[in-house]
Every structure is written in structure tokens, then in C-alpha cells.
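# Structural features, examined
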Amino acid sequence: MSPRTPRFPELPIDSALPGLLASLGDEASCVLQAPPGAGKTTHVPLALLDAPWLAGQRIVLLEPRRLAARAAAYRMADLLGEDAGRTVGYRMRQETRVSRHTRIEVVTEGVLTRMLLDDPSLEGIGIVIFDEFHERSLPADAGLAFCRQTQDVLRPDLRLLVMSATLDADALAQHLGEVPVVRSEGRMHPVETHYLGHALRGLRPENPTAEAVRRALRETEGDILVFLPGTAEIRRTLDLLTDAGAAVDVLPLFGDLTREEQDRALKPAASGRRKVILATSIAETSLTIDGVRVVVDAGLMRVPRFDASSGMTRLATLPVARDAADQRRGRAGRQAPGVCYRLWSDHEQQHLADARPPEILDADLAPLALDLAAWGAADPSELAWIDPPPAAAFARARKLLADLDALDAAGRLTPLGRDMADLPTHPRLAHMLLRSPDKPLAADLAALLEERDLLRGADGIAATDLRLRVELLNRVRAGERPGPMWHHMKVDRGALHQVLHGAARWRKRLGAGDRPADPSHAGAVLALAYPDRIAQRLAEGRYRMRDGRRAILDPHDPLASAPFLAAASLDGRPEGARLFLAAPLYREEIEAVLGGQVDTVDAVVWDRTGDRVVAKRERRLGAVVLAETPLNDAAPEAIARALLGEVAARGLHLLDWSKEAERLRARMAFVHHHFPDWPDASTEHLTATLADWLAPFVQHIHRLDELKKIDLVPALTALLGWERQRQLDTLAPERLEVPSGSAIAVDYSDPAKPVLAVRLQEVFGMMETPRLAGGRVPVTMHLLSPAQRPVQVTQDLASFWRDTYFDVRKDLRGRYPKHYWPEDPSQAEPTRRVKPR
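Described in the following lines is the structure provided in the data block. (Residues numbered from 1 in each chain as written. Predicted model: local features only at pLDDT ≥ 70, side-chain atom pairs only at ≥ 80, totals over all residues. Heavy atoms only, no water.)

### Focus: helix H13 (residues 391-403)
Relative to the 18 Å expected for 13 residues at 1.5 Å per residue, H13 spans 18 Å between its end C-alpha atoms, a close match to the ideal helical length. Residues of H13 that are buried: Ala 393, Phe 394, Ala 397, Leu 400 and Leu 401. Buried residues of H13, viewed axially, fall in a sector of 115 degrees; they line one side. Among the exposed residues of H13, those oriented more than 90 degrees off its buried face are Ala 391 and Lys 399. Where H13 is buried, its residues touch helix H12 (366-375) and helix H15 (427-435). (Helix = DSSP H or I, 4+ residues; strand = E, 2+ residues; numbered from the N terminus. Expected span 1.5 Å × (residues − 1). Buried < 20%, exposed > 50% of the residue type's maximum accessible area, 1.4 Å probe, protein only. Arc of directions from axis to C-beta. Contact = heavy atoms within 4.5 Å.)

The structure is reproduced here in C-alpha cells:
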């Protein structure tokens, strides 16, 4: 190790350093597995500084979070007796501390991607270290894939070191090409664990977490680290712990706090005081917080979930994975024996997922698709991935880039796309920044959308309008106090500071100057970033999106009456996405900004209000209708399609089914039942094939009352053709003649059992049961009394005459003495009268 070694405190990782140095001396890549608290984040980079193969080149240490990156840099600088920015520095979005003397650069994931795209050979860099790789973030996966290709093609001398506490090191080493694995046993103190028995699904963690903290303050010593899913839960828990005690400091810790606020949470507690740190998952790994002996874990994590159908990324609150829970628990035992309070039950612990899924499998891939295009990879398969990007999600990402004019038809970067790739932000915002003529407004909007929302509505007052936030930035820059419109809003001061800093950075990069932004054009500028999220008002608070989905807004929100909105944030609920951040815009602005995507469409549709066909010429942006004029020369085929679509949607009962049409349909259904190659007359099939049999009869009909005048008999007959019409009369005759001379209608209601209902006296002498369908199907005879009531049901007349008739005759003679009831029905004369003539 370097001469600086004596200044380093002894840590468990030190025993593994000789083996690690030897492995990296022989191999270009290596995997280091070390438990939390072993010291790998700070001691490994310092130990590599004087490695012969490094030859004075720089070390890049990749950290998944800004807080961890800054803390690691300051810790290493402190070990060297220096300030951050000399031997050890850091780079992250909106903050950089490096100099010409810097040998170790601690960077966040987006910075590494930018370094690779700017210089794929990573000139002057000897090793890239991927810390906490078990988190499997998308930028870390992509960064490793890019670095491996650099190593294979341009820099065989480039070293790669992947470090993790919980990842399957052997599987990762095999994936990297059977590289060496170095392990550190670590030194974890015992941690006593208590399960408090709450169910994690649907848990509102603030109250049980505050109770657990109070219990920990009574039962334990040392500082307490509390894990909560997000900043909202941290604030609510903070409010509940105002009575924690006079000697207790309750402090928040999350990524968007200022550096001073973060340092206050990380510094050891003052003598005689205890500290309770309310943290998000950023405190799981990387940095050790001195004095922590107790962990209270709410058991929840907030993870991004990309909804491919809506194109939205939403934050979902889920039960923590087992590996993350173990990481959190281990925080209590890094420096001494500790205690962990878990809100959930021992039984629920057994059912937690083993690990978080890799982010690449469930993320917005548009930034990755743009980075790959800038890298020169036409297809993700050109790189070696641990888990490749899902093909369908990647294809959707490329389509978005094409819609933003970042990719040409061949999938290559356009000049605009190359400029977009140079900007360290999401492709949507990059497109807005580059294309907007109003650079100050674009810079402010980009900063607002990159950070957490700085306005939160209170007292039922909605705060959806992005223009409010732009105006707030204008007033703060001008040194003015916010006006009355903000009296019912809560301004997040930390977020405001971050937004102002980000806006200044974008304004400087765009040469936008310091002039105030004009919030009145916010919708038009926002449409450049979210052209797929234009919404049209249908009713108060109800909107239709460009893709046809519905969106909803609180009816009391001032934006609820805007004719069109550009939405920056909404959820993916299929029944109606809730709008969170948006700005109004007008038809003329949509035409000006997105005119190339607007189509002129002739629409012939059914208007249910008037139950009629309406023909119009529309200017449309997807499902959003910008303008319409009447269309007087609509094609008959289009009119027919509109009518048939309405019939299909509402059902065949819209048509006038006369008795003749119903009988014909029943006869057709009977024949199809026994001869499947015949046309199907079922409701389902007729509905599905309306264009085949009904279309020729509706081309000049515009209203529902006219639709009911159609004679359906010719329409159904047309399905059969001439030859089958003749066959129908043979296979399923409408009527059958009986011995009395009567032609009796056959009932085909049940296609399996046709029925002939006839008075018994009319079939005297008839010995054979009639058969239909070419002799396949016997008719079911309903033999009726003179009062038209069934006295016998049979499919075998001969058997009836022989075995049953005499009992029936005895009964009928008693009830109808004037009628003719012969002793031998087989020889008797049939009659339609009381007695034969």
C-alpha cells in the first residue's frame, strides 16, 4: 500500500487487499465480495493508487447515489489529510470537485455514461470500480457493458472491478469471463432482531414507525437509523416525533437535501445527545454513519415501475427484498453489537423476495436507447449484458426517439439526436431544451421536471399547473415575496434550492441569460418534451389523451377548464390516469409545435346523441381533435362502416327482426347445426360478419329509425346463394303437409330438435314420423287436443299409435265427446273438423 497507509484505520477489507492487488496485476477484471462495513468503498481505491499497472492513471469509482459519492470522496480525502478535490474528488450532476491533481474520481452513474460517450477509450483512466453493484441499476448495467466493449476493442489494459456485498459473485465472475473472485470475510457485530408483526402490504408506516422509534429510545442506547420508503413518509414521521425527547435530535436524510442538511444527519451526535436519522434507501449501503447502534426498518421500498402501455414511470411502494432488509439490519452492527426492529412479522420475512429485480427489466429505456445510438450500437445485442434490455420495451423506446426526431428511419442518430445525446438529461427534456425558441422557459421547466416537485397543495387547493412554479422561480430570482396565489401552497425549500441551481446550470449552457421566463407559453414548450401526452378536455376535469386513454383532474383545479393540456406527470391507471403536473396550451400552439404530426382525417362516425351518422373532416393529433368541418360527400362505404360499428357495439336488437326473418334465421341455424359448412346464423357470427351480409343494405342510411326499416329476409337469403336457397327448402322446409292437407309451420327454435305442433286428428293414418336434414333428424311431434294443448310428445308415431293412443283416446273421448276418436287410427280418415265429412 502507499505511504499513507499508517493514517488508515484498520478495517476488515485490509486482509483482502493483497489478493485483490495480485489479481488485478494478472487480470483485467475482478469481482470483490465484501460485507457491508468492510471498508471496500474507501480503502480499495486508496490501496490501488500505487499499483504498477495503474502507472499514474486515474481511478473512477462509480457510486449509485449522490450522497454516497460525496461522502466516500470526503472520507477518502480525510484519510489522506487533504480536502476533497485534490487527490480525491467527485463528479455528479450539478456539483463537481476535481483538479489537475485528482487521481480518484468518485462519480455517479450518469456521469460515467457521459464520460464513456465523450471518450469511449477512457484515456487516462486505469480502472473503473463499480461499487454496490448488487443494486443492479440501469446506468450501472449499461456502464459495465460499455466498459467491457472498450476493454475488448480499444483498451485491453483497462481494469474493471465489480464490488458487491450480496450479489452472487461466482455467477458474475463467470459472466465476465471467469475472472477472479476476491472475498473479504468482514467483521459484523451481532444484531438482535425484533419483529413487530405489522402487515407490509398497504401499510401506512408513519405511526408504527414512530412507535418503534419511541420503544427503541426506551430500550436501547446509541443513535437510531430509520428506513422509510420516501420523503413524504419521512416528513410525516418527523412530525410525529416532535416529542421524542429534549436530548434527541430527529433528522431527515435523503438525496435531495442540501449538502449541509445531509452532513448534519451524518455527523456524530453531540455529547449527551442521541440522534434519530429518518432515511430512505440511500442509507442502506456505501457509507457508515458513526454512532448508529439501532435500526428501525419500515420494510418498504419505493421503486420506479415503467408502464409500457402508458409510457409512464410511476413510483411503486413495495415490501423490501430480503437482501436489502439484511443490508439495513447490518447497519446496526457495523461498529458494535446492535438491535434491529422490523415492523413486519417473522412469518412475512420468509415470504420476502430474495432480491430486487434488475432495473433494466422494468425501466424506461429511452435514455439507454439514445446512449446506445450515440455509442454506435445499432442493436443492444452488440454489447455483453448481464440481463439484456427487453426487446419490446427497447423497440418502444426507439419509437419515442424517432418521434422526437432523434433517430432517422435506419435507427441512426440525426444531427438533433446527437445534440440531444450530449445533454445530461432525459431525451424528452433534451428535445425540449434544444427545440424550444424560449430558452429561459425551457431551462426552468427542465430544472423543475428533473427535481422533486417544489409545490405541494394544501387545504384542498390543487397545484397541478406548472406555470405556478415558473412564476415562483421568477419571483425568487427577483427577490420578491410570493403573492397571494401561494398562500395555500407549501413550498419545499430544499427542492426550490435544487431547482434554482439546476435552472441556472441549464440557462448557462443554453446561453439563455437571466431574463424572467414567460410562463404563459409553458404548455407549448412542454409539448416538445411530451408530444404523446397532449390531452383534450371532454368535460370539467375529464380529458382524452392523444393515444385515446382518459385522464382526470380535480374539477376544482384551475386547469380543469383548459381546452388542451400538455401533461408532464400522470399515473398509468387504465380507468383514467390522474394528472399531477401539466400546463395549458391552445390549438394554434399545437399546430405550431406539432403541426408535422397532425393529420387531416375524414371521419364518419355514429352520434349516439342523435342516433345518426355524422360525417366530418377533422384535424387530428391522434385521438385529439383540433378542428372539424362538415363532410357532405362521405363515401357510402364509410357510412356503412359507421352504422355497422354501432350495430356491432350495441347488438343485433337494433335491427327489426320480423317473424319471417326470425323463422328464416332459425331454419339456417338448424341446417348449420347439422351441416357445419353451411352459413352460421348465430348472434355471435352474424355480429362478427355484418360487413358480409348487411353492408349492401345500409350504404344510404343515416339514422337509427331508417335502419329499422330494412327487410332482413333478403339480407339473410343473400348469405345462402341461389343453390343453397333451394336446398334450404328441402333440408329445413318452412312448413310440413300432414294427412289432413294442412301445411303446418315447423318450429326450429331448438336447432337440435325441430318441433311440429299439430292436432292429433289431422295425422290419423300417418305412420312414419317426418324427418328433416335429408332424413337425419326426426321431427318432434307435439300432438294437440282440440283445445290446442299437447297430449303427447313423440318422435315415433308408429309406437304412439300402437302403445299409447288408446289411453289418450279414452281421456279425449271423455273431454271432447262430439269429436271423432276412431278405434284404429292407422286406418282412420284425418280431419281438420270435429268429425270427417
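### Comments concerning the pairing of strand S3 (residues 88-92)
With respect to burial, S3 is a largely interior element, 4 of its 5 residues being buried. When S3 meets strand S4 (residues 95-97), the two strands line up antiparallel, connected through 3 bridges. Bridge pairing in S4 places Arg 91 opposite Thr 96. In this structure, the hairpin formed by S3 and S4 is closed by a connection of 2 residues, where Gln 94 is found at a positive phi of approximately 75 degrees. (Pairing = 2+ DSSP bridges.)

### Quick word on the packing of aromatic side chains
Within the structure shown, the criterion is met by 11 aromatic pairs. Between Phe 670 and Tyr 748, the ring centres sit 5.1 Å apart and the planes meet at 50 degrees, which makes this aromatic pair tilted. In this pair, Phe 670 is assigned in helix H22 (residues 659-674) and Tyr 748 in the loop between strand S28 (743-747) and strand S29 (755-759), connecting sequence segments 78 residues apart. The burial state of Phe 670 is the same as that of Tyr 748; both residues are buried. Ring centres 6.2 Å apart and planes at 85 degrees place the aromatic pair Phe 764 and Tyr 805 in the edge-to-face group. Taken as a pair, Phe 764 in the loop between S29 and strand S30 (771-772) and Tyr 805 in helix H27 (residues 797-815) lie far apart in primary sequence, 41 residues in all. For the residue pair Phe 764 and Tyr 805, the accessibility class agrees, reading buried in each case. Here a set of aromatic residues connected by ring pairs shows up, and it is made of Phe 764, Phe 800, Trp 801, Tyr 805, Phe 806 and Tyr 820. (Phe/Tyr/Trp six-rings, centres within 6.5 Å; stacked < 30°, edge-to-face > 60°.)

### Observations regarding the environment of Leu 253
Secondary-structure assignment places Leu 253 in strand S11 (residues 248-253). By relative accessible area, Leu 253 is classed as buried at 0%. The spatial distance from the C-alpha of Leu 253 to the C-alpha of Ile 282 is 8.2 Å, given a sequence separation of 29 residues. Every residue in contact with Leu 253, bar those within four places of it in the chain, is listed here: Leu 67, Ile 234, Gln 262, Ala 265, Leu 266, Ile 277, Leu 278, Ala 279, Thr 280, Ile 282, Ala 283 and Ile 289.

### Remarks on the environment of Lys 490
The residue Lys 490 is located in strand S18 (residues 489-491) in this model. With 436 residues separating them along the chain, Lys 490 and Leu 54 place their C-alpha atoms 52 Å apart.

### Quick look at the nonpolar core
By size, the foremost hydrophobic cluster in this structure holds 102 residues, and its most contacted members are Val 128, Phe 130, Met 432, Leu 445 and Leu 454. In contact with Phe 130, not counting residues within four places along its chain, are Leu 62, Leu 112, Ala 140, Gly 143, Leu 144, Cys 147, Leu 160, Leu 161, Val 162 and Met 163. (Core = buried A, V, L, I, M, F, W, Y, C linked by side-chain atoms within 4.5 Å.)

### Thoughts on the pattern of salt bridges
Counted according to the given criterion, the structure contains 49 salt bridges. Between Arg 663 and Glu 734 there is a salt bridge, and its shortest N-O distance comes to 3.2 Å. Note that Arg 663 is positioned in helix H22 and Glu 734 in the loop between helix H26 (712-731) and strand S27 (735-737), a separation of 71 residues in sequence. The salt bridge partner of Asp 677 is Arg 724, with a shortest N-O separation of 3.5 Å. One end of the pair, Asp 677, is in the loop between H22 and helix H23 (683-688); the other, Arg 724, is in helix H26, and 47 residues separate them in sequence. Among the residues examined, Arg 724 registers a relative accessible area of 25% and is labelled partly exposed. Salt bridges sharing common partners tie together Arg 204, Glu 206, Glu 233, Arg 236 and Arg 302. (Salt bridge = Lys/Arg side-chain N within 4 Å of Asp/Glu carboxyl O.)

### What to know about helix H8 (residues 231-240)
Regarding H8, the residues found buried are Glu 233, Ile 234 and Thr 237. One face of H8 carries all of its buried residues, which in axial projection span an arc of 100 degrees.

### Focus: the sheet that holds S4
Spatial strand order, S4-S3-S5-S2-S6-S7-S1-S8: 8 strands in an open sheet with mixed pairing. Looking at strand neighbours, the two that pair on one side only are S4 and strand S8 (181-183), the edges of this open sheet. Averaged over all pairs of adjacent strands, the angle between their axes in this sheet comes to 20 degrees, without regard to strand direction. Bridge count between strand S1 (residues 29-33) and S8: 3 bridges; the pairing is parallel. Each residue of the ladder has a partner; that of Gln 33, found in S8, is Arg 183. (Axes fitted to C-alpha atoms, helices over the stretch in contact; angles between N-to-C directions.)

### Re the side chain of Glu 105
By secondary structure assignment, the location of Glu 105 is in strand S5 (residues 104-108). Taking relative accessible area as the criterion, Glu 105 reaches 2% and is therefore assigned buried. Here Arg 58 takes part through its side chain, which lies 2.8 Å from a polar atom of the side chain of Glu 105. There is a polar contact of 2.7 Å between the side chain of Glu 105 and the side chain of Arg 91. Residues within four places of Glu 105 in sequence aside, it is in contact with Arg 58, Ile 59, Val 60, Leu 61, Gly 89, Arg 91, Val 98 and Met 115. (Polar contact = N/O pair within 3.5 Å; in protein donor to acceptor, adjacent residues only side chain to side chain.)

### Concerning the packing of helix H17 (residues 466-477) against helix H18 (residues 493-510)
Contact pair H17 / H18: the axes reach a minimum separation of 11 Å and the direction vectors enclose 85 degrees. Here H17 lies roughly perpendicular to H18, going by the angle between them. Each of Leu 473, Val 476 and Arg 477 in H17 lies in contact with H18, whose residues at this interface are Leu 496, Val 499, Leu 500, Ala 503 and Arg 507. Its residues assigned to classes, the contact of H17 with H18 comprises 6 nonpolar, no polar and 2 charged. (Parallel < 35°, antiparallel > 145°, perpendicular 65-115°, else oblique. Nonpolar A, V, L, I, M, F, W, Y, C, P; charged D, E, K, R; others polar.)

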